[in-house]
Amino acid sequence: MPVQYVLGEWDFRDLSLKMRPPVFIPRPETEDLVSLVVEEESLMYEKNSGLCFPVSAPHPVILEIGCGSGAIALSLLHKLPQSRVIAMDKEEAAVDLTRENAHRLHLQERIHVLHQDVSYSSAKQLLLWGPVDFIISNPPYVFHEDMASLDAEILRYEDLDALDGGDDGMRVIKTILALAPSLLKDSGNVFLEVDPRHPNMVKDWLQAHSNLLLVLRAVHKDFCGKPRFLHIQKQSR
């Protein structure tokens, strides 16, 4: 059994989170995904601060798709004190654990946790606080043919639906991107963790779906030097 489950808790960035099977265990590289959102929010605030009129402190609304233990959502709430987060997951165990961790960290007043899958029918519920500034997700992105080669402990104890991204690893990624324009503010941002093979695949997919008005702004590498994180932005009409 993974040590995180044995201990019943694990650190992610500056937070100590409860862990229990089969909820997906956050990986160390995903901490960089949080950093990218924090950095982008800081850049946006600095840019707006240079305008002629006074700018209030940012109050970003963030949507996390596939919240698992709440690691990403709660880290963002911790680092961005004015932010609010809508976190969703299709697994009840994940939703319960995110809520439990939010209460343990006294962040429950700024997070709304939904038990539902990402789909076109869910879009209206995700606009609880209006269009969002950021969509962030570490979605299932493992190519289905690669699932059998994962570590035995992962296959035995973790939620495989949180890993299996279908034949091309992009089943959930495509759904997120197709929904993004209806959820984001103009110039809003999507940050995704992906397989190193995905950046070019996503770029081609976005070009083939230009009606979505989404542009791949940047590809960031993980600490192993692999292209791991995508920054995608909604263009203004």
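Residue indices begin from 1 for each chain and proceed along its sequence in written order. Selection of residues for local features in this predicted model requires a pLDDT of at least 70, selection of side-chain atom pairs for listing and counting requires 80 or more, and totals for whole chains, interfaces and linings are taken over all residues. Side-chain measures here rest on the full set of heavy atoms in the structure, leaving out hydrogens and waters.

*Asks:* Please provide a residue-by-residue account of a nonpolar patch on the surface, values included.
*Replies:* Exposure above 30% relative accessible area and the absence of a salt bridge qualify a residue for a patch, where like charges join within 9 Å and nonpolar side chains (Val, Leu, Ile, Met, Phe, Trp, Tyr) within 5 Å. What sets the accessible areas is the Shrake-Rupley method with a 1.4 Å probe; for residues, cover comes only from the shown protein chains. One side-chain nitrogen of Lys or Arg within 4 Å of one carboxyl oxygen of Asp or Glu is enough to make a salt bridge. A contiguous nonpolar surface patch, about 270 Å² in accessible area, is contributed by V3, L7 and W10. Looking at the secondary structure, you find W10 in strand β1 (residues 9-12). The partly exposed category is assigned to W10, whose relative accessible area is 31%. Only DSSP runs of H or I covering at least 4 residues are called helices, and only runs of E covering at least 2 are called strands; the numbering of each starts at the N terminus. Working definition: with a 1.4 Å probe on protein chains only, accessible area under 20% of the residue-type maximum means buried, over 50% means exposed, and in between means partly exposed.

*Asks:* Quick one: what's the story with the sheet that holds strand β8 (residues 214-221), residue by residue and with numbers?
*Replies:* Being paired, for any two strands, means DSSP has found at least two bridges between them. The mixed open sheet is built from seven strands, whose spatial order is β5-β4-β3-β6-β7-β9-β8. The outermost strands of the open sheet, each flanked by one partner alone, are β5 (111-115) and β8. Adjacent strand axes in the sheet meet at a mean angle of 15°, parallel and antiparallel pairs treated alike. Two elements, strand β6 (residues 132-137) and strand β7 (residues 184-193), share five bridges in a ladder whose sense is parallel. Bridge pairing links I135 to V190 in β7. For this analysis, residues touch if any pair of their heavy atoms sits within 4.5 Å. Inter-axis angles, ranging from 0 to 180 degrees, are taken between N-to-C directions of lines fitted to C-alpha atoms, where helices are fitted over the stretch in contact. Of the strands in this sheet, β3 (61-65), β4 (84-89), β5 and β6 are in contact with helix α3 (residues 71-79), which crosses β4 at around 175°.

*Asks:* If you had to explain the nonpolar core to someone new, which residues and values would you point to?
*Replies:* Residues L74, L76, I111 and I136 are the most contacted members of the largest nonpolar core, which totals 32 residues. Going through the elements one at a time, β2 (15-18), α2 (30-49), α3, β4, α4 (92-104), β5 and β6 are the ones with two or more residues in this core. With six residues, the top contributor of residues to this core is α3. Excluding its chain neighbours within four sequence positions, the residues that come into contact with L76 are V34, V37, V38, I62, S83 and I136. Judged by nonpolar contacts, the second largest core, of 31 residues, contains L114, V118, L126 and I135. Working definition of a nonpolar core: buried Ala, Val, Leu, Ile, Met, Phe, Trp, Tyr and Cys residues. They are joined through side-chain atoms within 4.5 Å.

*Asks:* Which residues make up the pairing of β1, and what values go with them?
*Replies:* Successive side chains on a regular strand alternate, one facing one side of the sheet and the next facing the other. In the sheet, β1 pairs with β2 via four bridges, with the strands oriented antiparallel. Bridge pairing in β2 places D11 opposite S16. Between β1 and β2, which follow one another and run antiparallel, lie two residues, and R13 among them has a positive phi close to 55°.

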